[in-house]
Amino acid sequence: MQENLHRLQQLLNEVRAEDLHLVPRGPAAVYMHICETESFSMGVFLLRSGACIPLHDHPGMNGMLKVLYGSLRIACLDPLPPAAPPGARRRALLRSRQLCTPASPPCLLSPHTDNLHQIDAVDGPAAFLDILAPPYDPENGRDCHYYRLLEASAGPAADPHALPREVWLVETPQAADFWCGGEPYPGPKVSP
């Protein structure tokens, strides 16, 4: 399993925007579906400068994200026990805030590590290849949930920029101003 993951990371690290026939787009956020099987889904997100994919999760899923062009700031959090019912505040560990470019290795998430994350396009438009395994399946508990950062759980003397640190989150509906329109994928055909 670990060998397969390493090989996939190597292959993904070689993918470039040109390989997928991608160029920076207009002002809207766009999702291009590439393929989906029972085991995984693959697509590309194209974001305008300053666009944000709000803090969200991928329950029970593993994922890889590879920047194709532009720069992304990715904030990654881990949920902390105990699990909270929907709508209740929950604790999480803000583990990292990293700047990713096409030269960066793929960003990995697992069901327990970096599964909560926010993605911001900085300094211009950006695009990334997104692979989720297994794919979304709301009937089996694999549906995206959105969250809002409430506050740090540490006392007033704590450094608000120090990482890692505990924070509080609350589940929210998808933000009204976040919407990804779909466009046809222009790149080479992918067969699972």
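Counting restarts for each chain, with residues numbered from 1 along the sequence as it is written. Where totals are concerned, whole chains, interfaces and linings use all residues; where local detail is concerned, this predicted model gives features only for residues with pLDDT of at least 70, and gives and counts side-chain atom pairs only at 80 or more. With hydrogens and water excluded, all non-hydrogen atoms of the structure serve as input to the side-chain values.

Going by an unreviewed UniProt entry, the protein chain carries the name 2-aminoethanethiol dioxygenase and comes from Terrapene triunguis.

Asker: Can you tell me about the environment of isoleucine 34, naming the residues and giving the values?
Answerer: Numbering of helices and strands starts at the N terminus; helices are DSSP runs of H or I of at least 4 residues and strands are runs of E of at least 2. Examined against the element boundaries, isoleucine 34 turns out to sit in strand 1 (residues 30-36). Whether two residues are in contact is decided by their heavy atoms, any of which lying within 4.5 Å being enough. Not counting residues up to four positions away in its chain, the partners in contact with isoleucine 34 are Met42, Gly43, Val44, Leu129, Tyr185 and Val190.

Asker: Any chance you could break down the pattern of salt bridges for me, citing the residues and the numbers?
Answerer: We define a salt bridge as a side-chain nitrogen of Lys or Arg found within 4 Å of a carboxyl oxygen belonging to Asp or Glu. Enumeration according to the criterion identifies four salt bridges in this entry. Between aspartate 114 and arginine 95 there is a salt bridge, and its shortest N-O distance comes to 2.9 Å. Of the two residues, aspartate 114 sits in the loop between strand 6 (107-109) and strand 7 (116-133) while arginine 95 sits in strand 5 (residues 89-100), which places them 19 residues apart along the sequence. Any residue under 20% of the maximum accessible area for its type is buried, any over 50% is exposed, and the rest in between are partly exposed; the area is computed with a 1.4 Å probe on protein chains only. For aspartate 114, a relative accessible area of 11% gives the class buried. Put simply, aspartate 137 and arginine 142 hold a salt bridge, and the shortest N to O gap is 3.7 Å. Taken together, the shared-partner salt bridges in this structure form one network comprising Asp78, Arg95 and Asp114.

Asker: Pulling in residues and values, what's your account of the confidence of the model for the protein chain?
Answerer: By definition, pLDDT measures how confident the predictor is in each residue, and it falls between 0 and 100. Looking at the protein chain, the pLDDT average stands at 89 and 94% of residues meet or exceed 70. Averaged pLDDT values for the elements of the protein chain fall to 81 in strand 10 (residues 181-182) and rise to 96 in strand 4 (residues 62-79).

Asker: How would you explain the packing of aromatic side chains if you had to name every residue and give the values?
Answerer: Only centres within 6.5 Å qualify two rings of Phe, Tyr or Trp (six-membered ring in Trp) as a pair; their planes then separate them into stacked at under 30 degrees, edge-to-face at over 60, and tilted for everything else. Overall, the coordinates contain two aromatic pairs when judged by the stated rule. Aromatic side chains tyrosine 31 and phenylalanine 45 sit 4.7 Å apart centroid to centroid with 50° between the ring planes, which places their arrangement in the tilted category. You can see tyrosine 31 sitting in strand 1 and its partner phenylalanine 45 sitting in strand 2 (residues 41-47), a full 14 residues away along the chain. For the ring pair phenylalanine 45 and phenylalanine 128, a centre distance of 5.1 Å and an interplane angle of 20° mean the geometry is stacked. One end of the pair, phenylalanine 45, is in strand 2; the other, phenylalanine 128, is in strand 7, with 83 residues separating them in the sequence. Grouping residues by exposure puts phenylalanine 45 and phenylalanine 128 together as buried. Pairwise contacts between aromatic rings join Tyr31, Phe45 and Phe128 into one cluster.

Asker: Could you give an account of the environment of leucine 8, with specific residues and numbers?
Answerer: Take leucine 8: it is sitting in helix 1 (residues 2-14). Spatially, the C-alpha atom of leucine 8 lies 9.7 Å from that of proline 106, the residues being 98 residues apart in sequence.

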